[in-house]
Amino acid sequence: MGGKNKQRTKGNVRPSSSGRAAELLAKESGTVPAFMGFGSAQSDLGYVPAVQGAEEIDNLVDADFRMVLRKLSKRDVTTKLKAMQEFGAMCKEREVEAVRGVLPYWPRNYCKISLDPDRRVREATQQAFEQLVLKVKKYLAPHLKNLMGFWLIAQCDTYSPAASAARAAFEAAFPPHKQPEAVAFCKDEVLAVSCVTINEFP
């Protein structure tokens, strides 16, 4: 009687599975409230495009961008610095569609590296972000809520070149009359990030 050894769960629902969870996460897509006329967003899928369960997303990411994103996850400062400089150059040189493919993966990378202990990495991150902003423009809108808290904190970086670069990226994204609207759109996320992050800033 093979049935006796089956895992049982309350209410006979399917037991949890990390594989199923990853699959659902890859397929899940939500919407964010319209902001300056922009609409739906793709869920943030991680630091680096992963093939399993997300082939249709992964195929949108240029192979060179995928390689750079992998380098950004390394611990070595020199590797991260060179990778971020390379990322900024690629954002400047590549076509809009190629750069857009990176957007679902940028927020988690940015939010982590914008707090990097090395000030040169932080500065390069903000400079690369400006190049990304200049290239994708309105396509950044669905990802703002995931970025804004760390973006505002970066503008107060104790290393002034990094803070200036973060402000330059912000000003490239929003004209002065739109900046308060952009922050208000993300106010809940900004407050949440501020509460947990302020003590971690280098």
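A brief report on the enclosed structure follows. (Residues numbered from 1 in each chain as written. Predicted model: local features only at pLDDT ≥ 70, side-chain atom pairs only at ≥ 80, totals over all residues. Heavy atoms only, no water.)

### Points about the pattern of salt bridges
Opposite charge on two side chains makes pairing possible when the charged atoms of those side chains draw close.
At step 1: Within this structure, the stated rule accounts for eight salt bridges.
At step 2: With a shortest N-O distance of 3.5 Å, Glu 86 and Lys 71 are connected by a salt bridge. Of this pair, Glu 86 sits in helix 4 (residues 77–93) while Lys 71 sits in helix 3 (residues 63–72); the two residues are 15 residues apart in sequence, bridging distant segments of the chain.
At step 3: A salt bridge links Glu 97 to Arg 100, with the nearest nitrogen and oxygen atoms 3.3 Å apart. Taken as a pair, Glu 97 and Arg 100 lie in helix 5 (residues 96–100) at a separation of three residues, close to a single helical turn. (Salt bridge = Lys/Arg side-chain N within 4 Å of Asp/Glu carboxyl O. Helix = DSSP H or I, 4+ residues; strand = E, 2+ residues; numbered from the N terminus.)

### What to know about the packing of helix 6 (residues 106–113) against helix 7 (residues 119–136)
Helix-helix packing: each pair is described by the crossing angle between the helix axes and the interaxial distance.
At step 1: Helix 7 packs onto helix 6 with a crossing angle of 150 degrees between their chain directions and a minimal axis gap of 10 Å. Relative to helix 7, the element helix 6 lies roughly antiparallel. As for how helix 6 packs across helix 7, the hand of that crossing is left-handed. In contact with Trp 106, Tyr 110 and Ile 113 of helix 6, helix 7 contributes Val 121, Arg 122, Thr 125, Gln 126, Phe 129 and Leu 132.
At step 2: Looking at the contact of helix 6 with helix 7 residue by residue, the classes come out as six nonpolar, two polar and one charged. (Axes fitted to C-alpha atoms, helices over the stretch in contact; angles between N-to-C directions. Parallel < 35°, antiparallel > 145°, perpendicular 65-115°, else oblique. Left-handed = near helix turned anticlockwise from the far one by under 90°. Contact = heavy atoms within 4.5 Å. Nonpolar A, V, L, I, M, F, W, Y, C, P; charged D, E, K, R; others polar.)

### Remarks on the nonpolar core
At step 1: Within the largest apolar cluster, 44 residues are counted, with the highest numbers of intra-cluster contacts made by Phe 87, Tyr 110, Phe 129, Leu 132, Leu 140, Met 148 and Trp 151.
At step 2: Elements represented by at least two residues in this core include exactly helix 3, helix 4, helix 6, helix 7, helix 8 (144–154), helix 9 (160–173), helix 10 (179–185) and helix 11 (187–197).
At step 3: Beyond its immediate stretch of four places on either side in the chain, Trp 151 contacts Tyr 110, Gln 126, Phe 129, Val 133, Leu 140, Leu 144, Ala 166, Ala 169, Phe 170, Ala 173 and Phe 174. (Core = buried A, V, L, I, M, F, W, Y, C linked by side-chain atoms within 4.5 Å. Buried < 20%, exposed > 50% of the residue type's maximum accessible area, 1.4 Å probe, protein only.)

### Focus on helix 3
At step 1: Phe 65, Arg 66, Val 68, Leu 69 and Leu 72 are the residues of helix 3 that are buried. Angular distribution of buried residues about the axis of helix 3 spans 165 degrees; they occupy a single face of the element.
At step 2: Measuring from the side-chain oxygen of the N-cap residue of helix 3 to the backbone nitrogen of Asp 64 gives 2.8 Å; that N-cap residue is Asp 62. (Arc of directions from axis to C-beta. Polar contact = N/O pair within 3.5 Å; in protein donor to acceptor, adjacent residues only side chain to side chain.)

### Description of helix 4
At step 1: Given a rise of 1.5 Å per residue, 17 residues ought to cover 24 Å, and the 24 Å separating the end C-alpha atoms of helix 4 matches this to within 8%.
At step 2: Inspection of helix 4 places Lys 80, Leu 81, Ala 83, Met 84, Phe 87, Gly 88, Met 90 and Cys 91 among the buried residues, and these make up the whole buried set.
At step 3: For helix 4, the side-chain oxygen to backbone nitrogen distance between the N-cap and Thr 78 is 3.4 Å, and the N-cap itself is Asp 76. (Expected span 1.5 Å × (residues − 1).)

Any functional reading would require information that these geometric values do not contain.
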